[in-house]
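Listed here are the chains, written in short residue letters.
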Amino acid sequence: MIHFMRAFKHPPLEDLTLERLLYALSDPVRLDIVRCLAGVPEATCGELDGGRPKSSMSHHFRVLRDAGLVHTRSVGTTHLNSLRAEVLEERFPGLLGCILAQH
């Protein structure tokens, strides 16, 4: 039997809300993931987990995807994540840059 992975759902530009985006970024783990992704084209979940349990990281990536911050694609059994910087810039001009500039 062949099993196919479901494609991840990513909200379209017009469905992104400031409230959901700010909620996603209010958690230090998720903010750290976004900061890491801002410096690379793509990264695997394992490269971004910081030694945290897979179950909690799955939750964090789902929140980030639902907010429109992260795009996840599957290559075999590996999940590759990228920051949706262009989409975010179009929807909320300048916001991501301001957030990433804060330390």
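The preceding data block contains the structure.
Residues numbered from 1 in each chain as written. Predicted model: local features only at pLDDT ≥ 70, side-chain atom pairs only at ≥ 80, totals over all residues. Heavy atoms only, no water.

Peer 1: Help me understand the overall build of the protein, please; the structure alone is not making it clear to me.
Peer 2: Across its full length, the protein carries 6 helices and 3 strands. In the protein, the order of α-helices and β-strands from amino to carboxyl end is α-α-β-α-α-β-β-α-α. Relative to the compact-globule value of 13 Å for 103 residues, the protein shows a C-alpha radius of gyration of 14 Å, a close match. For the protein, the C-alpha atoms occupy an extent of roughly 45 × 30 × 20 Å along the three principal directions. The burial tally for the protein puts 32% of its 103 residues in the buried class. Contacts in the protein between residues far apart in sequence, at least 24 positions, make up 71% of those at least 6 positions apart. Across the protein, the 12 positively charged side chains and the 12 negatively charged ones have centroids separated by 7 Å. (Helix = DSSP H or I, 4+ residues; strand = E, 2+ residues; numbered from the N terminus. Rg over C-alpha atoms; globule rule 2.2 N^0.38 Å. Buried < 20%, exposed > 50% of the residue type's maximum accessible area, 1.4 Å probe, protein only. Contact = heavy atoms within 4.5 Å. Lys, Arg positive; Asp, Glu negative; His and termini not counted. Charge placed at Lys NZ, Arg CZ, Asp CG, Glu CD.)

Peer 1: For this particular structure, what's the right way to read the pattern of salt bridges?
Peer 2: If you walk through the whole model with that rule in mind, you get 2 salt bridges. Measuring nitrogen to oxygen at the nearest pair gives 2.6 Å for the salt bridge that ties Arg73 to Glu42. Here the residue Arg73 occupies a position in strand β2 (residues 70-75), and Glu42 occupies one in the loop between α2 (28-38) and β1 (43-44), the gap between them amounting to 31 residues. Taking the shortest distance from any N to any O, the salt bridge between Arg62 and Asp66 comes out at 3.8 Å. (Salt bridge = Lys/Arg side-chain N within 4 Å of Asp/Glu carboxyl O.)

Peer 1: Is there a simple way to think about the pairing of β2 in this case?
Peer 2: Regular strands have side chains that alternate between both faces of the sheet. Relative to strand β3 (residues 78-83), β2 runs antiparallel, the two sharing 6 bridges. Along β3, the bridge assignment pairs Ser74 with His79. (Pairing = 2+ DSSP bridges.)

Peer 1: Before we go on, may I ask you to explain the environment of Leu88 in this structure?
Peer 2: Considering the arrangement of structural elements, one finds Leu88 in helix α5 (residues 85-91). Note: C-alpha distance between Leu88 and Leu16 (72 residues apart in sequence) is 8.4 Å. Excluding residues within four positions of it along the chain, Leu88 makes contact with Leu16, Leu21, Gly68, Leu69, Pro93 and Leu96.

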